[in-house]
Amino acid sequence: MKPEGLFGPRVLYRRLLGLSIFSAVVLLVPVVFSDPYDLELLFLCHYYVMLACSWDLLTGFTGNVSFGHAFFVGGAGFAGALLNLHLGWGPWLTLPIGGLIAALCGLVVGSFTLRLRGPYFAAVTFCFATLLYKLIMIRYEIFGGEEGLSGIDWLMETSLGNYYFSGILMLAAILFLYLLSKSSFGLILRSIGENEVASEGSGINTTFYKIVAFMISGFIAGVAGAMYGHAQMHVGPEMAHDSLSGLVIIMAVVGGMGSIIGPIIGAYLLTLANESLRFMGEFRLLIYSSAVVAIILFAPKGLLDIITRGFRRIVGQEK
Amino acid sequence: MEAILEIKELSKAFGGLEALLNFDMEVRQGDLIGMIGPNGAGKTTVFNLITGFIKPDSGDVWLKGEKTTYLKPFQIVNRGMSRTFQLVDLFKEMTVLENVMVPCFSHRAKQRRHNGKKPWKVAIEFLEEIGLADRFNELAKNLPFGELRLLDIARAMATEPDILLLDEPFSGLDVEDAAVLSQAIQRMHKKGQTMIIIEHRLGDLLKLVESVVVIVFGQKIAEGTPEEIMNNEKVVNAYLGQRRQ
Amino acid sequence: MTTFIHILVLGAIWGALYTLIAVGFTLIFGVAGIINLAHGAFYMLGAYLAYTFMTLLKINVPLSALMAVLGTAGIGMLIDRYGIRFMRETHVYVLIITLAFALFFQELLYAVYGPHGKAVKSFVTGEMLLGGVHVSYQKILTFFVAGIMVTLLWLFIKKTKTGKSIDAVAQNREAAVLMGIQPERIYVITMGISAALAAVAGVFIAPILEAVPTMWAFSLFKAFAIVIIGGLGSIQGAIIAGMLLGYSETAVSVLISANYPDMVYLVAIILVLVLRPRGLMGTRAH
């Protein structure tokens, strides 16, 4: 007798095999699509995957919807940009430091939201991100206001370099988050989301786990934010804007939250769809947002759920 | 023998209403104690206070010689006292096995697992003990109510407590389920598990326990063997009298 | 002195408008337990429908206003019936689907009317001098309409049969069901009323501020802030917090800088929730 799913090694290996195939595809894509325009678009995909997956660790598992992921992205993006502009530190330093600063932000937001749930949690996370946004606008002599900060060192010299740099970072983040979600850490986070009282009554220091989840989520989003700043050679207030937080939520939900894998699908799909609908002109965003509403209405558990069920039906495993 | 749990003059008021007043109690290793009283008498308040879910206004709790009065719930669990909940809520979207695995990752359970046994194997053992092992892969929300109660007990047991507190384990159970639960409690008692059981279904409880504490209006009015309690005039007046209303 | 009167008058007008937006938001939370992130979109729809009827179709003001409000209420009811009902108990889902609807309306109005502001002619022209401060009649009208709408809501809930049913569901859904009230019907009606109140605010704001496709976000944040400070589900709390926010924002923008009013509510939310996790006048737990 052996439990299926979770801690059964065979299933884990099969999933890891899936991830390695995905990694191989990511690494081989430039062989086919070498146009800088395509590579820039795929760079965006990598960036959004990192944001959506790190958001998922926090919200998909503990069930508290964070509306402030942009706090980490913008915070680390601007911190990295300032360090680069004033101290001349390169990406090899600003990325990890940006991540650490975002983790620190996670510690702060996590401590402020410890006792909060549902709408209250959402409101406070939102406020932190919006405060940062307002700060950027008001203290324009430091943060550049609406125009942001330009003239940041590039990440890599070519689009291909940016592609590989972001791709490898993304794969590392996915692997880390995935293994984490399948470990006791993920199990405990889920138990907190289901019933925090019972989790604490089972001897779990829920405060510690919630804060650590916040810090890890912040770290990955922060690294992504700093990376984005270097790749664009520019950071702007939109990196701290609530529409970025909203976009990340929608990507994760469309893909399927609580799975780490789902948000990957959501981030790729929505980033590519947003671009490929460009021929529709001014109706692009309308079609895009109607599709999002339709997906959430008809597949509330996300596309991953639909794909898994479809796959099971084909293989004949449907119960 | 020295008491492993000592409760001294514990008091708690909720906005002027005395939920518990100067409550004393001692529990020794291996005891099986019943705690009875009418609804709202303060039984669950006792549990909430000693497990750290509510902070007392005054008084102290000593667990194995250590003062635990103002510790957090998870710290008290890790010092050896676990409870079940009156409204079993558990981790509904998780499997039966996962429900019992959560406490296996508590500090206490990890420390006690020196031989490097896999957590899921430990969890399966606790499920076997309570008779739920064959349903390990079922989602908790799909379990019938009686099995949910058993699962909650297995969850609490998986923290390997010195004292197990059961909050109304029989309520909502039919006769068959109640019998299964009684047997499980007796098995645990024979293994030397110390337990306190809150109940207001007296029939099931008095057959099980060795001693009974009666709480009425936040105060302990009697303590003794089930026979003594049944013949205690104060108890009959206060408790049974009120039930007749 | 003029500064003081300026704060007093403008603070009251904005406070009343915020309150009008926030009472609907708090009402649907109190009754159905949902955080409706599309609430700001109802306010926006009110403004755009008013523009459509009044400026484009040249229909008279009262009829246009009525149609804008009823149309928005209808959309709100449809969203509740077909978007929210089947997943009402999942809070995460409700937050996200309503956010998606808000974004959808933003893009819809953007596609139809473009990104530029759409102005509506004032319902009443002219202005008056209040203690040395010029206030347009439109603003004064808005203030009184907001007051009347909130009073009407109050009377509706306390005096009519449907209103009492709504109140009963908000107080105790199980008991209401035992009394023969169908909660799903009540939810749809409440969503309609909530949307209508937001739409009224939108209709009357259209001549003061131009209608733009992103106006939903700003009003939603204000409503959220008010309701958090006043306590989710509490109408009295929303009135008090709404006026409070109107005054404090006006005071900050007049006395300190026009940059800072938004900081007021952001910091207020964080402080209130950290100190009192259920809001200042918090009601039932969810």
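Model, not experiment: these values are computed from the prediction.

What counts, and where the lines are drawn
Residues numbered from 1 in each chain as written. Chains lettered and ligands numbered in written order. Predicted model: local features only at pLDDT ≥ 70, side-chain atom pairs only at ≥ 80, totals over all residues. Heavy atoms only, no water. Helix = DSSP H or I, 4+ residues; strand = E, 2+ residues; numbered from the N terminus. Rg over C-alpha atoms; globule rule 2.2 N^0.38 Å. Buried < 20%, exposed > 50% of the residue type's maximum accessible area, 1.4 Å probe, protein only. Contact = heavy atoms within 4.5 Å. Areas by Shrake-Rupley, 256 points an atom, 1.4 Å probe, with all protein chains shown as cover. Lys, Arg positive; Asp, Glu negative; His and termini not counted. Charge placed at Lys NZ, Arg CZ, Asp CG, Glu CD. Pairing = 2+ DSSP bridges. Axes fitted to C-alpha atoms, helices over the stretch in contact; angles between N-to-C directions. Buried area = accessible area lost by both parts, 1.4 Å probe. Salt bridge = Lys/Arg side-chain N within 4 Å of Asp/Glu carboxyl O. Polar contact = N/O pair within 3.5 Å; in protein donor to acceptor, adjacent residues only side chain to side chain. Nonpolar A, V, L, I, M, F, W, Y, C, P; charged D, E, K, R; others polar.

**Student:** Explain the overall build of chain B to me, please; I cannot follow it from the model alone.
**Tutor:** Looking only at helices and strands, chain B has 10 helices and 10 strands in total. Against the 2.2 N^0.38 benchmark of 18 Å for 245 residues, chain B shows a C-alpha radius of gyration of 18 Å, consistent with a compact globule. In chain B, which comprises 245 residues, the share counted as buried stands at 56%. In chain B, once contacts between residues fewer than 6 apart in sequence are set aside, the share between residues at least 24 apart is 66%. Accessible surface, chain B: about 10800 Å² in total, of which carbon and sulfur atoms supply 49%. The averaged location of the 34 negative side-chain charges in chain B is 5 Å from the averaged location of its 31 positive side-chain charges.

**Student:** Looking at this structure, how should I read the overall build of chain C?
**Tutor:** If you tally the helices and strands in chain C, you get 11 helices and 2 strands. In sequence order, chain C lays out its α and β elements as α-α-α-α-β-β-α-α-α-α-α-α-α. Against the compact-globule benchmark of 19 Å for 286 residues, chain C has a radius of gyration of 19 Å, which places it among compact chains. With the C-alpha coordinates of chain C rotated into their principal frame, the extents come out at 60 × 50 × 35 Å. Taking as baseline every contact in chain C between residues at least 6 positions apart, the subset at least 24 positions apart corresponds to 76%. For chain C, the computed accessible surface area is about 11700 Å², with 68% contributed by carbon and sulfur atoms. Of the side-chain charges in chain C, 17 are positive and 10 negative, and the distance between the mean point of each set is 8 Å.

**Student:** Explanation requested: the arrangement of the chains in the structure shown.
**Tutor:** Here 2 pairs of chains make contact, and the pair sharing the most contacts is chains A and C. Regarding chain B and chain C, which are not in contact, the minimum distance between any of their C-alpha atoms is 13 Å.

**Student:** Any chance you could explain the sheet that holds strand β2 (residues 17–28) of chain B here in plain terms?
**Tutor:** Sheets are built from strands paired through backbone hydrogen bonds, the pairs being either parallel or antiparallel. Residues and elements named next belong to chain B. Reading across from one edge, β2-β1-β4-β5 is the order of the 4 strands in this open sheet, with antiparallel pairing throughout. Of all strands in the sheet, those with a lone pairing partner are β2 and β5 (66–67), marking the two edges. As defined by bridge partners, strand β4 (residues 58–63) adjoins β5 across 2 bridges and the pair is classed as antiparallel. Residue pairing for β5: W62 is matched across the bridge by K67. Seen against the sheet, helix α1 (residues 43–50) touches β1 (3–14), β2 and β4 and runs at an angle of roughly 115° to β1.

**Student:** Please explain the interface of chain A and chain B as it appears in this structure.
**Tutor:** How big an interface is tends to be stated in terms of accessible area lost as the parts join. Contact with chain A, which involves 22 residues of that partner, is made by 29 residues of chain B. Interface area, chain A with chain B, both sides summed: about 2300 Å², of which 69% is carbon and sulfur. Two residues, E98 of chain B and R190 of chain A, come together in a salt bridge whose shortest N-O distance is 3.0 Å. Inspection of the region where chain A meets chain B yields 6 residue pairs in polar contact (both at pLDDT 80 or more). Taken together, the elements giving at least two residues each to the side of chain A that touches chain B come down to α8 (184–194) and α9 (196–200) of chain A. Per-element accounting of the side of chain A that touches chain B gives the leading share, 6 residues, to α8 of chain A.

**Student:** What is the right way to look at the interface of chain A and chain C in this model?
**Tutor:** Counting residues at the interface gives 35 residues for chain A and 37 residues for chain C. For chain A, the biggest contributors to the area lost against chain C are Y120, I138 and L297 of chain A; these three give 19% of the whole. Joining chain A to chain C, the criterion identifies 0 salt bridges. Taken together, chain A and chain C are joined by 1 residue pair in polar contact (both at pLDDT 80 or more). Looking at the side of chain A that touches chain C element by element, the count peaks at 12 residues for helix α5 (residues 118–138) of chain A. Each residue belonging to the side of chain A that touches chain C can be placed in one class, and the counts come to 26 nonpolar, 5 polar and 4 charged.

**Student:** Which parts of the structure should I look at to understand the pattern of salt bridges?
**Tutor:** Pairing between side chains of opposite charge can happen when their charged atoms approach one another. Counting across every chain of the model gives 25 salt bridges over all chains. The partner of R28 of chain B in a salt bridge is E26 of chain B, and the shortest N-O contact between them spans 2.9 Å. With a shortest N-O distance of 3.5 Å, D60 of chain B and K67 of chain B are connected by a salt bridge. You can call K67 of chain B partly exposed: its relative accessible area is 41%. It is possible to trace a salt-bridge network through shared partners that takes in D80, R85, R88 and E184 of chain C.

**Student:** Sorry, what's going on with the sheet that holds strand β10 (residues 219–224) of chain B here?
**Tutor:** All names here are of chain B. Spatial ordering of the open sheet is given by β6-β7-β8-β3-β9-β10, a layout of 6 strands whose pairing is mixed. With partners counted over all chains shown, the strands left at the sheet margins are β6 (81–83) and β10, one partner each. Across this sheet, the average inter-strand angle for adjacent strands is 20°, counted without regard to direction. Here α1 sits on the sheet and contacts β3 (32–36), β6, β7 (163–167), β8 (194–198) and β9 (211–216); the angle it forms with β7, its principal contact strand, is near 145°.

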